[in-house]
Amino acid sequence: MSAFTKSLAISIRRVVASRVRHHSSLTAELIANMDKKATWDRFYTESSSGTTTFKNFEWFFGFDAVRDFIMPLLQTKSHPDAPLQVLDMGCGTSALGPCIYRHSLLPVRVTCADISPVAVRLMQEHIQTKDFQPYNLYSWLEFVELDCTQLHKHFDSSSVDLIVDKGTTDALLRSKEGRRKASLVLKQCLKVLRSSGSLLQFSDEDPDSRLLWLETEAQEPGIVAADVGVQEVGELRGMSYYCYHVTPRPVAQQ
């Protein structure tokens, strides 16, 4: 069992055991089918049933653990008259996107996107019941149902300043049929990012494996190219986590 799978199983059991009657089968289904919409619909439906108190579900860790990786990238506007475009990709019911919205000094348009309409609905309902005021009054927060292999259906090319991926690519790479989708998601990210933009992947995968995968998949002669770096986030609950920073660069023409 990989480190990610162990982390996932522990997180699911800790958070949903008290609410989900058949949490063992749910954990097994998630681990085997983390690239499937139906699996996540079931997860969010069952984990929210039987309770009237909403609680954000955080893969790996929350906003405070990674704010110093994210917020420095939101200090310069790409266009004077437009907010910075931020995508929380595979948001689930995490508080990450809303926290970026609340703490950014510059105006941001934060899109929290997930393939599960159940997760999107839960977050929309939660935000409506809370007084989520942004630091900058011109900031905007939205939740949308979106398959992240098809980012081009929601975003124009070279229109996004920052994409945050906390566990989404990990889930795809560990799925039976997810590696092709993970590669497609990466290429979609590079397509919609501005030349000055960044993709941050937060993961527990060792750099020896993830860097090689990113460097290979982010290079396609004449189509897509990127530079890749890594920083250690730290150790939480006995697991080491990393931030993989991917930045588009001009494509070398053949």
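Please refer to the structure higher up on the page.
Here the structure is a predicted model, which is why all the values come from computation and not from measurement.

Peer 1: Mind showing me how you'd approach the environment of Arg 210 here?
Peer 2: Structurally, Arg 210 is set in helix H9 (residues 207-217). With sequence-adjacent residues up to four places away left out, Arg 210 is seen in contact with Thr 169, Asp 170, Leu 173, Arg 174, Gln 201, Ser 203, Glu 205 and Tyr 244. Of the polar contacts made by the side chain of Arg 210, one reaches the side chain of Glu 205; its length is 2.7 Å.

Peer 1: Sorry if this is basic, but what is going on with the pattern of salt bridges here?
Peer 2: Any two side chains of opposite charge can pair, on the condition that their charged atoms come close. Under the criterion given, the structure shown has 15 salt bridges. The partner of Arg 67 in a salt bridge is Asp 64, with the nearest N and O atoms 3.9 Å apart. Of the two residues, Arg 67 and Asp 64 both sit in helix H4 (residues 63-70), three residues apart, roughly one turn of that helix. Taking relative accessible area as the criterion, Arg 67 reaches 27% and is therefore assigned partly exposed. A relative accessible area of 62% means that Asp 64 is categorised as exposed. Here the residues in one salt-bridge network are Asp 170, Arg 174, Asp 204, Glu 205 and Arg 210, joined through shared partners.

Peer 1: What is the right way to read the pairing of strand S2 (residues 108-114) from this model?
Peer 2: Every regular strand shows the same layout, with side chains that alternate between the two sheet faces. Taken across its seven residues, S2 has six buried, putting it largely inside the fold. Traced from strand S1 (residues 84-89) through helix H5 (residues 96-103) to S2, the parallel crossover comes out right-handed. Sheet analysis places S2 next to strand S3 (residues 140-145), joined by six bridges and oriented parallel. Each bridged residue has a counterpart across the sheet, and for Asp 114 the counterpart in S3 is Glu 145. Remark: the S2/helix H6 (residues 117-129)/S3 crossover connection has right-handed handedness.

Peer 1: Explain the pairing of S1 to me, please; I cannot follow it from the model alone.
Peer 2: Of all six residues in S1, six are buried; the element is thus mostly enclosed. Residues Leu 84, Val 86 and Asp 88 of S1 are buried on one face, and the alternating residues Gln 85, Leu 87 and Met 89, pointing to the opposite face, are buried as well. Pairing between S1 and S2: six bridges, direction parallel. If you follow Gln 85 over to S2, its bridge partner there is Arg 109. Bridge count for S1 against strand S4 (residues 160-166) is three bridges, and the pairing is parallel. By the bridge assignment, Val 86 is partnered in S4 with Leu 162.

Peer 1: Is there a simple way to explain the environment of Glu 46 in this structure?
Peer 2: Residue position: Glu 46 is located in helix H3 (residues 37-48). A distance of 2.8 Å separates the side chain of Glu 46 from the side chain of Arg 42, its partner in a polar contact.

Peer 1: Looking at this structure, how should I read the sheet that holds strand S6 (residues 226-236)?
Peer 2: Sheet strands associate in pairs through backbone hydrogen bonding, adopting either a parallel or an antiparallel arrangement. One open sheet holds the seven strands; their spatial order is S3-S2-S1-S4-S5-S7-S6, and the pairing between them is mixed. At either end of the open sheet lies a strand with only one pairing partner, and these are S3 and S6. Strand after strand, the sheet turns through a mean of 15° between neighbouring axes, direction not considered.

Peer 1: Would you explain the packing of H3 against H6 in this entry?
Peer 2: Between two packed helices, what matters for the description is the angle formed by their axes and the separation of those axes. Here H3 crosses H6 at 40°, and the two axes come no closer than 7 Å. One element, H3, and the other, H6, form an angle in the oblique class. Only Pro 117, Val 118, Ala 119 and Leu 122 of H6 make contact with H3, whose side of the interface consists of Lys 37, Asp 41, Tyr 44, Thr 45 and Ser 48.

Peer 1: Help me out: how do you make sense of H6 in this one?
Peer 2: The periodicity of an α-helix, 3.6 residues per turn, causes residues three or four positions apart to be oriented the same way. Compared with an ideal rise of 1.5 Å per residue, which puts 13 residues at 18 Å, H6 spans 19 Å between its outermost C-alpha atoms and is within 8% of the ideal. Looking at H6, one finds that the buried residues are Val 118, Ala 119, Val 120, Leu 122, Met 123, His 126 and Ile 127. Summarising the contacts, the buried residues of H6 are in contact with H3, H5, S2 and S3.

Peer 1: Which parts of the structure should I look at to understand the packing of helix H8 (residues 179-192) against H9?
Peer 2: In contact at an axis separation of 10 Å, H8 and H9 are set at 60° when each is read in the N-to-C sense. The chirality of how H8 crosses H9 is right-handed. Between H8, through Arg 179, Ala 182, Ser 183, Leu 186 and Lys 187, and H9, the contact on the second element is made entirely by Trp 213, Leu 214 and Glu 217. Tallied by class, the residues present in the contact of H8 with H9 amount to four nonpolar, one polar and three charged.

The rules we used
Residues numbered from 1 in each chain as written. Predicted model: local features only at pLDDT ≥ 70, side-chain atom pairs only at ≥ 80, totals over all residues. Heavy atoms only, no water. Helix = DSSP H or I, 4+ residues; strand = E, 2+ residues; numbered from the N terminus. Contact = heavy atoms within 4.5 Å. Polar contact = N/O pair within 3.5 Å; in protein donor to acceptor, adjacent residues only side chain to side chain. Salt bridge = Lys/Arg side-chain N within 4 Å of Asp/Glu carboxyl O. Buried < 20%, exposed > 50% of the residue type's maximum accessible area, 1.4 Å probe, protein only. Right-handed = clockwise from strand over helix to strand, strands pointing away. Pairing = 2+ DSSP bridges. Axes fitted to C-alpha atoms, helices over the stretch in contact; angles between N-to-C directions. Parallel < 35°, antiparallel > 145°, perpendicular 65-115°, else oblique. Expected span 1.5 Å × (residues − 1). Left-handed = near helix turned anticlockwise from the far one by under 90°. Nonpolar A, V, L, I, M, F, W, Y, C, P; charged D, E, K, R; others polar.

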